[in-house]
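# Breakdown of the fold
Residues per chain, in single letters:
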Amino acid sequence: MENQLAKSTEERTFQYQDSLPSLPVPSLEESLKKYLESVKPFANKEEYKKTKEIVQKFQDGIGRKLHQKLLERAKGKRNWLEEWWLNCAYLDVRLSAQLNVNFAGPAPYFEHYWPPKEGTQLERGSICLWHNLNYWQLLRKEKVPVNKSGNSPLDMNQFRMLFSTCRIPGITRDSITNHFRTESEGHSPTHIAVLCRGRVFVFDVIHDGCLITPPEICRQLTYIHRKCHSEPDGPGIAALTSEERTQWAKAREYLISLDPENLTMLEKIQSSLLVYSIEDSSPHVTPEDYSQVTAVILIGDPTVRWGDKSYNLISFSNGVFGCSCDHAPLDGMVMVNISHYVNEKIFENEGKWKGSEKVRDIPLPEELVFTVDDKILNDINQAKAQYLKQASDLQVVAYTFTSFGKKLTKKKMLHPDTFIQLALQLAYYRLHGRPGSCYETATTRCFYHGRTETVRSCTAEALRWCQSMQDPSTGLLQRQQKMLQAFAKHNKMMKDFSAGKGFDRHLLGLLLIAKEEGLPIPELFTDPLFSKSGGGGNFVLSTSLVGYLKILGLVVPMVHNGYGFFYHIGDDSTEDKSSMQSEQAQRTVESCATGS
């Protein structure tokens, strides 16, 4: 990725979209065989025998009929899963999306030219914004290099969702509005929204046909900062986006009914390139400990986050940065891509702006002043209270492990990601004395509009190795053999599932076909082992490799009393976001991030 991002290319960002293969429907027999393997670690002999019978009955009966209907559906779609996944995983979810769905992460700039320092927020923010806006221009010109796996292009559709994209709350289902267009496609919005102390401002980033410069951006941010720090706080309309989705949808309808101008202002925020947040806090951060800044970015002040936006760029008083993003339209790799680009540009320029200091006569930012009443103000207070109550149930820690990184694991002929996954399995087994159902993300972007597939890391091979590590009578050679078997199993799963041969999304498709046809829920999905092994989003361990760059991000765990574990792997060190459960923090984000 570093090489791909470092230079421009003749290839256009979206040129391969039409030639990407369609997402395949896996074999029913193969999917059910893999599913049976995945439940083994969580079953005794009787439970496994019963589940095996249920699976066989499903395969010979209703499962075959549902599979045929799925094949028919796939004939008319290049990606049979896309709409289902967007709705089922994101838009139908009624929980607070900002807390339960969005992903977030700190920027690594502080590790080189931008260490935490009071008084730098506005100047650094203007430079950071400028590099982000340059990336937006590259994307509009289709000059962002195509991501590839080897020589094969990957789907780039999610990059369209980075800018000028917003989720709109609905009573039963949300929707997504996207205003981004490439230059060849036509006009794209050119303004950003800024949130500060409960108030909302917008300003255009293009003046006389050119992108405004960091000194000009700084002038706009300074105007907003001074105004907000010398006048009363605003109502904090943004906090409504942190509310339960149906509640937010009702509050939004009421807000619009108060004054038609409220809708106009909401649409300005929705269509904005991104939301820039000016925070008053100064979270602690060092290269060895990202815990506090990561927590504040993930579960910080809801009045300065527009939870529905695909990109909130967050700045703190001490010149530290981060982002929070709606997960519905895009996955983390898009943010990894732009964050790495910005980090490289800041590093290349020693954290400075080296161009002209001239500031043209550009229009001042416009404040969006919503018409509100006591009901809306009460809704805002309720949303803040509910959000902060839920956020208190989460514990976030992020540490750096410096003993070794991917250099050593590769030297030992061990895949770095699999190394982390098996270490995680062993850690959970030692802590809890039982196997932990585990979700790891595999990417299916080699297919048209592909997103993700589930790799269930808690395999029978991994469990046997964990048991051997806890058994004093097991010799070193036996432990090594079992470890290598676990490595081989995980490596094969990751390779196969990224190639469209996973089973969790396939099973989801069969379940949704049954629901659409008005059929009873098949027994396979009501069998206790289905949820015990993680099915239906019940994974105790929710994990993902963020990459091999310096960018880190995370989401909350899938279940109460669960762990989120997100990591990036560097050459010589391991950045470790790890934490322990407690009565106060029942959901734990435990991220072992490996990074130099």
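Rules used throughout
Residues numbered from 1 in each chain as written. Predicted model: local features only at pLDDT ≥ 70, side-chain atom pairs only at ≥ 80, totals over all residues. Heavy atoms only, no water. Helix = DSSP H or I, 4+ residues; strand = E, 2+ residues; numbered from the N terminus. Rg over C-alpha atoms; globule rule 2.2 N^0.38 Å. Buried < 20%, exposed > 50% of the residue type's maximum accessible area, 1.4 Å probe, protein only. Contact = heavy atoms within 4.5 Å. Areas by Shrake-Rupley, 256 points an atom, 1.4 Å probe, with all protein chains shown as cover. Pairing = 2+ DSSP bridges. Phe/Tyr/Trp six-rings, centres within 6.5 Å; stacked < 30°, edge-to-face > 60°. Lys NZ or Arg CZ within 6 Å of the ring centre and 35° of its normal. Expected span 1.5 Å × (residues − 1). Polar contact = N/O pair within 3.5 Å; in protein donor to acceptor, adjacent residues only side chain to side chain. Core = buried A, V, L, I, M, F, W, Y, C linked by side-chain atoms within 4.5 Å. Salt bridge = Lys/Arg side-chain N within 4 Å of Asp/Glu carboxyl O. Disulfide = S-S within 2.5 Å. pLDDT = per-residue confidence, 0-100. Axes fitted to C-alpha atoms, helices over the stretch in contact; angles between N-to-C directions. Parallel < 35°, antiparallel > 145°, perpendicular 65-115°, else oblique. Left-handed = near helix turned anticlockwise from the far one by under 90°.

### Focus on the overall build of the protein
- Of regular secondary structure, the protein possesses 20 helices and 22 strands.
- Against the 2.2 N^0.38 benchmark of 25 Å for 596 residues, the protein shows a C-alpha radius of gyration of 24 Å, consistent with a compact globule.
- Viewed in the frame of its principal axes, the protein has a C-alpha envelope of about 75 × 55 × 55 Å.
- Looking at the 596 residues of the protein, the share that counts as buried comes to 58%.
- Counted over contacts in the protein with a minimum sequence separation of 6, partners at least 24 positions apart contribute 77%.
- Summed over its atoms, the accessible surface of the protein is roughly 24,700 Å², and 52% of this surface lies on carbon and sulfur atoms.

### Re the sheet that holds strand β13 (residues 366-367)
- With mixed pairing, the 7 strands of this open sheet are ordered in space as β1-β12-β11-β10-β6-β7-β13. A strand with exactly one partner marks an edge of an open sheet, and here the two such strands are β1 (103-106) and β13.
- Pairing of β1 with strand β12 (residues 321-325) involves 4 bridges; the strand directions are antiparallel. Paired with Gly105 across the strands is Cys323, a residue of β12.

### Focus: the packing of aromatic side chains
- Using the criterion set out here, one finds 21 aromatic pairs in the structure.
- Ring centres of Tyr428 and Tyr563 lie 6.0 Å apart, and the angle between their planes is 85 degrees; on these two criteria the pair is classed as edge-to-face. Note that Tyr428 is positioned in helix α15 (residues 416-432) and Tyr563 in strand β19 (residues 563-568), a separation of 135 residues in sequence. With respect to class, Tyr428 is no different from Tyr563; both count as buried.
- Taken together, the aromatic side chains of Tyr35, Phe58, Phe497, Phe503, Phe525 and Phe530 make up a single cluster linked through ring pairs.
- The ring of Tyr448 carries Arg78 above its face, with NZ or CZ at 3.7 Å from the centroid.
- The side chain of Arg160 reaches across the aromatic face of Phe14, ending 4.3 Å from its centre.

### Quick look at unusual backbone geometry
- Even without being a glycine, Ser164 presents a positive backbone phi close to 55 degrees.
- One can find Ser164 in the loop between β3 (152-153) and β4 (165-168).
- Residues other than glycine seldom take positive phi values, yet Met413 does so here, at roughly 65 degrees.
- With respect to the element layout, Met413 can be found in the loop between α14 (406-411) and α15.

### Concerning helix α18 (residues 504-516)
- Across its 13 residues, α18 extends 18 Å between first and last C-alpha, which sits within 8% of the 18 Å expected from 1.5 Å per residue.
- Regarding α18, the residues found buried are Asp504, Arg505, His506, Leu507, Leu508, Gly509, Leu510, Leu511, Leu512, Ile513 and Ala514.
- Following α18 by one or two positions, Gly518 adopts a phi angle in the positive range, close to 70 degrees.

### Some thoughts on the environment of Lys550
- Tracing the chain through its elements places Lys550 in the loop between β18 (541-547) and β19.
- Separated by 439 residues in the primary sequence, Lys550 and Glu111 have C-alpha atoms spaced 9.9 Å apart.
- Within the local environment of Lys550, its side chain forms a polar contact with the side chain of Glu111, the two groups lying 3.2 Å apart.

### Re the nonpolar core
- One finds Leu162, Phe163, Ile192, Val194, Val205, Tyr276 and Tyr311 to be the most contacted residues of the largest nonpolar core, which totals 79 residues.
- It is helix α7 (residues 121-140) that contributes the most residues to this core, 9 residues altogether.
- Counting residues in hydrophobic clusters, the runner-up holds 43 residues, among them Val25, Phe447, Ile513 and Phe525.

### A few points about the pattern of salt bridges
- Following the criterion strictly, the structure yields 29 salt bridges and no others.
- We note a salt bridge from Asp92 to Arg173, for which the minimum N-O separation is 2.6 Å. Taken together, the residues Asp92 in the loop between α5 (82-91) and α6 (97-100) and Arg173 in the loop between β4 and β5 (175-178) connect sequence positions 81 residues apart.
- Judged by relative accessible area, Arg173 falls into the partly exposed class, the value being 44%.
- We note a salt bridge from Lys141 to Glu183, for which the minimum N-O separation is 3.1 Å. In this pair, Lys141 sits in the loop between α7 and β2 (148-149) while Glu183 sits in the loop between β5 and β6 (191-196), placing the two residues 42 residues apart along the sequence.
- Here the salt bridges share partners, and the residues they tie into one network are Arg94, Arg167, Asp174, Arg245, Asp308 and Asp326.

### With respect to the side chain of Asn318
- Within the secondary structure layout, Asn318 lies in the loop between β11 (312-315) and β12.
- Look past the residues within four positions of Asn318 in its chain and what remains in contact with it is Pro115, Pro116, Lys117, Glu118, Thr120, Arg124, Ser281, Ser282 and Pro283.

### A look at helix α10 (residues 260-271)
- When the terminal C-alpha atoms of α10 are compared, their 17 Å separation across 12 residues agrees well with the 16 Å that a helix rising 1.5 Å per residue should span.
- Against the buried residues of α10 lie β4, β5, β6, β7 (199-204), α9 (245-258) and β10 (275-278).
- Where α10 begins, the capping side chain belongs to Asp259, and its oxygen is found 2.9 Å from the backbone nitrogen of Glu261.

### Concerning the state of the cysteines
- For the structure shown, the criterion picks out 0 disulfides.
- In this structure Cys228 is a free cysteine whose sulfur lies 3.7 Å from that of Cys196, the closest cysteine sulfur available.

### Topic: the confidence of the model for the protein
- Chain-level pLDDT for the protein is 94 on average; 94% of the residues reach the 70-or-more range.
- Across residues 577-596, where pLDDT falls below 50, the model places 118 contacts with residues more than four positions away in sequence or in other chains.

### Quick look at the packing of α7 against helix α8 (residues 214-230)
- Contact pair α7 / α8: the axes reach a minimum separation of 8 Å and the direction vectors enclose 130 degrees. Taken together, the axes of α7 and α8 are oblique relative to one another. Considering the relative orientation of α7 and α8, their crossing is right-handed. Residue-level inspection shows Gln121, Leu122, Glu123, Gly125, Ser126, Ile127, Leu129, Trp130 and Leu133 of α7 in contact with α8, the latter providing Pro214, Ile217, Cys218, Leu221, Thr222 and His225.

### Observations regarding the side chain of Thr165
- Relative to the assigned elements, Thr165 resides in strand β4.
- For Thr165, a relative accessible area of 0% translates into the label buried.
- At 3.1 Å, the side chain of Thr165 forms a polar contact with the backbone oxygen of Met161.
- Ignoring anything within four residues of it in the chain, the contact list for Thr165 reads Arg160, Ile176, Thr177, Asn178, Gln270, Ser272, Asp308, Lys309, Ser310 and Pro329.

### Regarding the environment of Pro115
- Mapped onto the elements, Pro115 comes out in the loop between β1 and α7.
- As a C-alpha pair, Pro115 and Val320 span 205 residues in sequence and 7.6 Å in three-dimensional space.
- Excluding anything up to four places from it in sequence, Pro115 contacts Phe110, Arg124 and Asn318.

### Quick notes on the packing of helix α16 (residues 460-470) against helix α17 (residues 476-501)
- Across the interface, α16 lies against α17 with an axial gap of 8 Å and an inter-helix angle of 155 degrees. As judged from the angle between their axes, α16 and α17 are roughly antiparallel. The interaxial crossing formed by α16 with α17 has left-handed handedness. On α17, the residues touching Glu461, Ala462, Arg464, Trp465, Ser468 and Met469 of α16 are Arg479, Lys482, Met483, Gln485, Ala486 and Lys489.

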